[in-house]
Amino acid sequence: MTPEGIDPEGLQGWFEANVPGVAPPLEYERIAGGQSNLTYRVTDSAGRRFALRRPPLGRALASAHDMGREHRAISALQDTPVPVPPVFGLCEDEGVNGAPFFVMGFVDGVVVRSEEEAAAAFDERQRHAVGERLVDTLVAIHEVDPDAVGLGTLGKKEDYVARQLRRWGGQWEKSKTRELPLVEDLGRRLSARIPEQGPATIVHGDYRIDNVLLDPDSCDVAAVLDWELCTLGDPLADIGLLLVYWSEPGEEGGLRQATAAPGFPRRAELRDRYAAGSGRDLSEVDFYVALGYWKLAIVIEGVYARYAAGQYGPDAREQFEPLRTMVEGLARA
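Read on for an overview of the structure. (Residues numbered from 1 in each chain as written. Predicted model: local features only at pLDDT ≥ 70, side-chain atom pairs only at ≥ 80, totals over all residues. Heavy atoms only, no water.)

With that out of the way, let us pick up the pattern of salt bridges. Where charged atoms from two side chains of opposite charge approach closely, those side chains can pair. Evaluation of the coordinates by the stated rule reveals 21 salt bridges. Salt-bridge contacts for Arg-53 lead to Glu-70; the nearest nitrogen and oxygen are separated by 2.7 Å. Taken as a pair, Arg-53 in strand E3 (residues 49–54) and Glu-70 in helix H2 (residues 67–76) lie far apart in primary sequence, 17 residues in all. Both residues of the pair, Arg-53 and Glu-70, count as buried. Residues Asp-206 and Arg-208 are paired through a salt bridge, measuring 2.7 Å at the closest nitrogen-oxygen approach. According to the relative accessible area criterion, Arg-208 is buried, its value standing at 15%. Bridged by salt links that share partners, the residues Arg-53, Glu-70, Asp-226 and Glu-228 form one connected network. (Salt bridge = Lys/Arg side-chain N within 4 Å of Asp/Glu carboxyl O. Helix = DSSP H or I, 4+ residues; strand = E, 2+ residues; numbered from the N terminus. Buried < 20%, exposed > 50% of the residue type's maximum accessible area, 1.4 Å probe, protein only.)

Laid out in structure tokens, this is it:
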């Protein structure tokens, strides 16, 4: 059965025209997505595998789910130390599959989204190594010269934090489902004390453990995924958001991420390793952690708004209703 979001006839023609040696017929399996861009495994008759990315079903904010931006970032990083999948092409003709999409090579690896998945894939020693590799890969992303790889015009290089505050404040106004003064107040407080920013780098925009593929043998990052929010700006925003997503063992509440499993480095270790690897001053990192919580609250409100509008179907209540209180909790954090 063909999964929703796939037009087999249109896609087969595109693959035949753009992927050398592809062997139809093609089979499709949705492997990730729902709240963000959707990912499908595509397998041809010879067993060759690809990954197709397209926007989520239904309507979304115009600036979200930008296929062209994600494709551009991954294409530019092909010959750098940053691990990304090989890219076959971008299609912006919505007549082919109902929405823009791009196709990558399929990279083997594991994605850990829970403590149980982390424990099943890695022992405690390996989990510590995974945490170190995650930080080292983030350092590598921030070391890439945007101009040298053709990303110098991906975004403005000045006033990144001020622009983020304006952008996400605007997203909040477009997507909020009720009045929540705490979010607006936090935006004002952040705007009033923006730290001095250094030279702009590539910023992933959503860097966390479940947005990378991990090699279960070497514990290395096999590929960094989900570049839809990539831009140029202050690299400390990436480390701040990574710390937001980094749960520690024994903590109550919060986001409860895979890193709560024993063995992963603590947040202080991540900060120290990033500071040593990048040479950057992290004395203001708490500002970027607060910025990360604020942005994440707004992102989750956008997901909740799409659920409330019926975009995830009639059986989605159990999955999405808790997001309403999560937004408030993130803003308080």
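What follows picks up the thread again.
Attention now moves to the environment of Ala-305. Along the chain, the position of Ala-305 falls in helix H10 (residues 285–308). The exposure class of Ala-305 is buried, given its relative accessible area of 18%. A sequence separation of 130 residues divides Ala-305 from Ser-175, and the C-alpha atoms of the two residues are 6.1 Å apart. Excluding anything up to four places from it in sequence, Ala-305 contacts Ser-175 and Thr-177. (Contact = heavy atoms within 4.5 Å.)

Further remarks concern the sheet that holds strand E4 (residues 87–91). One open sheet holds the five strands; their spatial order is E1-E2-E3-E5-E4, and the pairing between them is antiparallel. Across the chains shown, the open sheet's two edge strands, defined by having one partner strand only, are strand E1 (27–32) and E4. Recorded for the sheet is a direction-independent mean angle of 25° between the axes of neighbouring strands. Of the strand pairs in this sheet, E3 and strand E5 (residues 101–105) are connected by four bridges, and their pairing is antiparallel. Looking at the pairing, Leu-52 lines up with Val-103 of E5. Helix-sheet contacts for H2 involve E3, E4 and E5, and the interaxial angle to E4 is about 160°. (Pairing = 2+ DSSP bridges. Axes fitted to C-alpha atoms, helices over the stretch in contact; angles between N-to-C directions.)

Attention now moves to empty space enclosed by the protein. As enumerated under the stated definition, the model contains two cavities of 30 Å³ or more in all. Along its surface, the largest cavity is lined by Tyr-160, Val-203, Gly-205, Ala-237, Asp-238, Leu-241, Tyr-288, Leu-291, Gly-292 and Lys-295. If you list the elements that add at least two residues to the lining of the largest cavity, you get helix H8 (236–244) and H10. Of the residues forming the lining of the largest cavity, the biggest block, four residues, is contributed by H10. Each residue belonging to the lining of the largest cavity can be placed in one class, and the counts come to six nonpolar, two polar and two charged. (1 Å grid on protein atoms, 1.4 Å probe; cavity = no way out; pocket = protein on both sides within 12 Å on 5 of 7 lines; lining within 4 Å. Points joined across faces, edges and corners; volume = space filled by probe spheres on them. Nonpolar A, V, L, I, M, F, W, Y, C, P; charged D, E, K, R; others polar.)

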